[in-house]
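Okay, here's what each chain looks like letter by letter:
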There are 2 protein chains.
Amino acid sequence: MLGGDYAPKECTLGVRDFISKNNQAHLVLIGNESDIQKDLSDSELSRCTIVHTSDAIDMHEHPVKAMKEKPNASMNIGFSMLAKGDVDAFVSAGNTGVMLVGAAHIIKTIDGVLRPTIPSIVPKVNGQFGIMCDVGINADCKPENLNQFATLAYQYTKEIMGIANPRVALLNIGEEEGKGNILAQATYPLLKENQHINFIGNIEGRDLFTDNYDVVICDGFTGNIVLKLCESIYDVVVKERNLSDEFLLRFNHQLYGGVPVLGINKPVVVGHGISDASSFSGMLQVAEKMISTNILGNVSRFL
Amino acid sequence: MLGGDYAPKECTLGVRDFISKNNQAHLVLIGNESDIQKDLSDSELSRCTIVHTSDAIDMHEHPVKAMKEKPNASMNIGFSMLAKGDVDAFVSAGNTGVMLVGAAHIIKTIDGVLRPTIPSIVPKVNGQFGIMCDVGINADCKPENLNQFATLAYQYTKEIMGIANPRVALLNIGEEEGKGNILAQATYPLLKENQHINFIGNIEGRDLFTDNYDVVICDGFTGNIVLKLCESIYDVVVKERNLSDEFLLRFNHQLYGGVPVLGINKPVVVGHGISDASSFSGMLQVAEKMISTNILGNVSRFL
């Protein structure tokens, strides 16, 4: 409840929205007790447990250092409760570095997973969304990494986004097998032989906004360049130039409720610093769905 | 005069436009003599020599195979005349593979150049343009390749685009030195020490449309993904969705007259298949400028 640029107000509004949409989950809210209490009704509070702390890691602190030096920071408490099993999922819009370090080093990767990854959402012209993976935490990848990202993102897209048998594509600079850089050339046959995904071949940069795929796999360097480019298109065209277009409006990353770290043992959902109430509600919904579908238990069978 | 989707009509119109803007260059037009003659006036024809052939390599032929089997194809004649010194530059919107193979194997790279490259134009929000290099012919790059692309693209941007002391940036996923994938990390110090460019550090995907740089260097895999993504934004937003915006309109690659192959011994300018009259005129202007500035002679001193 201390994470993100608009905490605690937008966190609390997100909690209220989530509670109105879900009648089962119990929420553990980590943050300033009086701030939280004053914005929630008694019936809403009956769905929550508040763990009080006013200690937070801010957005610009060094993740590892801050995690060591601030044991009572809300994010440290969250990871510790998740590790102990006091909660089943952890959601935060706080310092992304801390979320990643905590995910990898406190929650740890699923046995057999070489590296965790974070997917991102790509708006399509037809109103649907694609999932791109990786988008930055794995700048250098090996073919086996990309193949695992494909399995992880396939399961996420199927179980959490609700797309039946998602079409998995490899981001490349040509359509045929054999095209691309060394990494793409070596990854293609692994994806082709991966029995746990629905591989449909290569797609190119021009296909990203089309409905030719559901999941697109790439190294984190390429994915991050694409992601930031897309975000800047929104900033330039919609915010600076005031152009209103249904497709371009969906480049607003604030619309999306945060994404899970894939490949770790428990659900951890990471939000943007600028998360608003609907983002927080969305993140809680993703977390709840990851628990109720037991996606992580299922994923481990495929790796 | 047989190259591109709209040959010979748009080629001829491009020739007329170029002749009206330039009163020195003599043009050698390779193609169907009667087609060419009927669209040019006597005074225009006095500025041209026609080399007749009706043999062409089409867009989908295999470059190496077609070059061997069609010695009288217009592109083969062009490369052969350029190699012999019968012309000083060669311009075509024909099969891109043939243009690249001809450039590398008939005209050959400048001594010391590891790999030729092709730059691309990136529209900026402020109405200016950036140059991105490489955009696809070098899918896998070493740090030394990127460092040479920087020198080549710096000279091109300075001498041909007319930008004084162009700011050269490295495309990366973080601003500080040390960020990025292994390639970017290893390239940064080379660019920093390169005395023949004006290196300003890293830029990110979100900076591509800003005026924070003049030349951005990346491997051809990343560059090609970005290029095709940008082209698709134009197709989707402007062509399909009929959105008219001064910035987005400049994503129309038809606006740009083609780009030279950098790092080879003589000027070769490559056009898109969809080149129209203004593209052809632009390509001829680029070629003329490459000759008159002796850019290739100058570049070789910096490599």
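About the thresholds
Residues numbered from 1 in each chain as written. Chains lettered and ligands numbered in written order. Predicted model: local features only at pLDDT ≥ 70, side-chain atom pairs only at ≥ 80, totals over all residues. Heavy atoms only, no water. Contact = heavy atoms within 4.5 Å. Buried area = accessible area lost by both parts, 1.4 Å probe. Salt bridge = Lys/Arg side-chain N within 4 Å of Asp/Glu carboxyl O. Polar contact = N/O pair within 3.5 Å; in protein donor to acceptor, adjacent residues only side chain to side chain. Helix = DSSP H or I, 4+ residues; strand = E, 2+ residues; numbered from the N terminus. Nonpolar A, V, L, I, M, F, W, Y, C, P; charged D, E, K, R; others polar. Pairing = 2+ DSSP bridges. Axes fitted to C-alpha atoms, helices over the stretch in contact; angles between N-to-C directions. Buried < 20%, exposed > 50% of the residue type's maximum accessible area, 1.4 Å probe, protein only. Least-squares fit on C-alpha atoms with pLDDT ≥ 70 in both. Phe/Tyr/Trp six-rings, centres within 6.5 Å; stacked < 30°, edge-to-face > 60°. Lys NZ or Arg CZ within 6 Å of the ring centre and 35° of its normal.

### A word on the interface of chain B and chain A
How big an interface is tends to be expressed through the accessible area that disappears when the partners come together. Taken together, the contact pairs 36 residues of chain B with 36 residues of chain A. Taking both sides of the interface into account, the surface hidden between chain B and chain A amounts to around 3,300 Å²; carbon and sulfur atoms contribute 71%. Area buried by chain B at its contact with chain A is led by Ile173, Phe221 and Leu229 of chain B, which between them contribute 20% of it. Joining chain B to chain A, the criterion identifies two salt bridges. Measuring nitrogen to oxygen at the nearest pair gives 2.4 Å for the salt bridge that ties Glu204 of chain A to Lys228 of chain B. Put simply, chain B and chain A have four residue pairs in polar contact (both at pLDDT 80 or more) between them. When contributions to the side of chain B that touches chain A are tallied by element, the ones reaching two or more residues are α8 (182–193), α9 (220–240) and α10 (246–249) of chain B. Sorting elements by how many residues they give to the side of chain B that touches chain A places α9 of chain B first, with twelve residues. Of the residues belonging to the side of chain B that touches chain A, the class tally is 18 nonpolar, nine polar and nine charged.

### Quick notes on the sheet that holds strand β4 (residues 120–123) of chain A
Residues and elements named next belong to chain A. Strand order in the open sheet made by the five strands is β4-β5-β8-β6-β7, with mixed pairing throughout. This sheet does not close on itself; its edge strands, each paired only once, are β4 and β7 (198–203). Strand-to-strand twist across the sheet, computed as the mean angle between neighbouring axes with direction ignored, equals 30 degrees. Sheet analysis places β4 next to strand β5 (residues 129–133), joined by four bridges and oriented antiparallel. By the bridge assignment for β5, Pro123 is matched with Phe129.

### A look at the environment of Asp276 of chain B
Residues and elements named next belong to chain B. Residue position: Asp276 is located in the loop between β10 (268–270) and α11 (277–292). A relative accessible area of 22% means that Asp276 is categorised as partly exposed. Residues Asp276 and Thr12, 264 residues apart in the sequence, show an inter-C-alpha distance of 9.8 Å. Within the structure, the side chain of Asp276 is placed 3.1 Å from the side chain of Ser278, a separation counted as a polar contact.

### Observations regarding the sheet that holds strand β3 (residues 90–92) of chain A
Residues and elements named next belong to chain A. If you walk across this open sheet you meet the three strands as β3-β10-β9, and the pairing is mixed. In this open sheet, the two strands that pair with only one neighbour each are β3 and β9 (259–260). Strand direction decides the pairing type here: β9 and strand β10 (residues 268–270), joined by two bridges, are antiparallel. Among the inter-strand pairings, Val259 is bridged to a residue of β10, identified as Val270. Strand contacts of helix α11 (residues 277–292): β3, β9 and β10, with the helix running at about 160 degrees to β10, the strand carrying the most contacts.

### Structural notes on the relation of the copies chain B and chain A
One chain copy maps onto the other through a rotation about an axis and a shift parallel to that axis. Expressed as a screw transformation, the operator carrying chain B onto chain A has a rotation angle of 180 degrees and an axial translation of 0.0 Å, and the superposed copies differ by an RMSD of 0.1 Å. Taken together, these values place the two copies in the relation of a two-fold axis. Ranked by how close their C-alpha atoms come to the rotation axis, the residues of chain B are headed by Thr222 of chain B, at 2.9 Å. Both copies contact each other with a shared surface, as 100% of the interface residues of chain B are interface residues in chain A too.

### Some words on helix α5 (residues 74–84) of chain A
Residues and elements named next belong to chain A. When you tally the buried positions in α5, you get eight out of eleven residues, the bulk of the element. The set of residues buried in α5 consists of Ser74, Met75, Asn76, Ile77, Gly78, Phe79, Met81 and Leu82. Buried residues belonging to α5 abut β1 (27–31), β2 (48–52), α4 (63–69), β3, α6 (96–107) and β10. One or two steps after α5, the chain reaches Gly85, where phi turns positive at roughly 90 degrees.

### Examining the packing of aromatic side chains
Overall, the coordinates contain ten aromatic pairs over all chains when judged by the stated rule. Between Phe247 of chain A and Phe251 of chain A the ring centres are 5.1 Å apart and the planes differ by 85 degrees, which places this aromatic pair in the edge-to-face class. On the accessibility criterion, Phe247 of chain A (2% relative accessible area) is buried. Assessed through its relative accessible area of 5%, Phe251 of chain A is described here as buried. When the ring of Phe209 of chain B is compared with that of Phe251 of chain B, the centres are 5.3 Å apart and the planes differ by 65 degrees; the resulting orientation is edge-to-face. Linking Phe209 of chain B in the loop between β7 (198–203) and β8 (215–217) with Phe251 of chain B in the loop between α10 and β9 (259–260), this pair joins segments that are 42 residues apart in sequence. The exposure classification of Phe209 of chain B matches that of Phe251 of chain B, with both residues buried. Ring pairs connect the aromatic residues Phe209, Phe247 and Phe251 of chain A, which therefore count as one cluster. The positively charged end of Lys124 of chain A is found above the aromatic ring belonging to Tyr213 of chain A, 4.7 Å away from the centroid.

In short, the description is geometric, and any link to function would need to be established separately.
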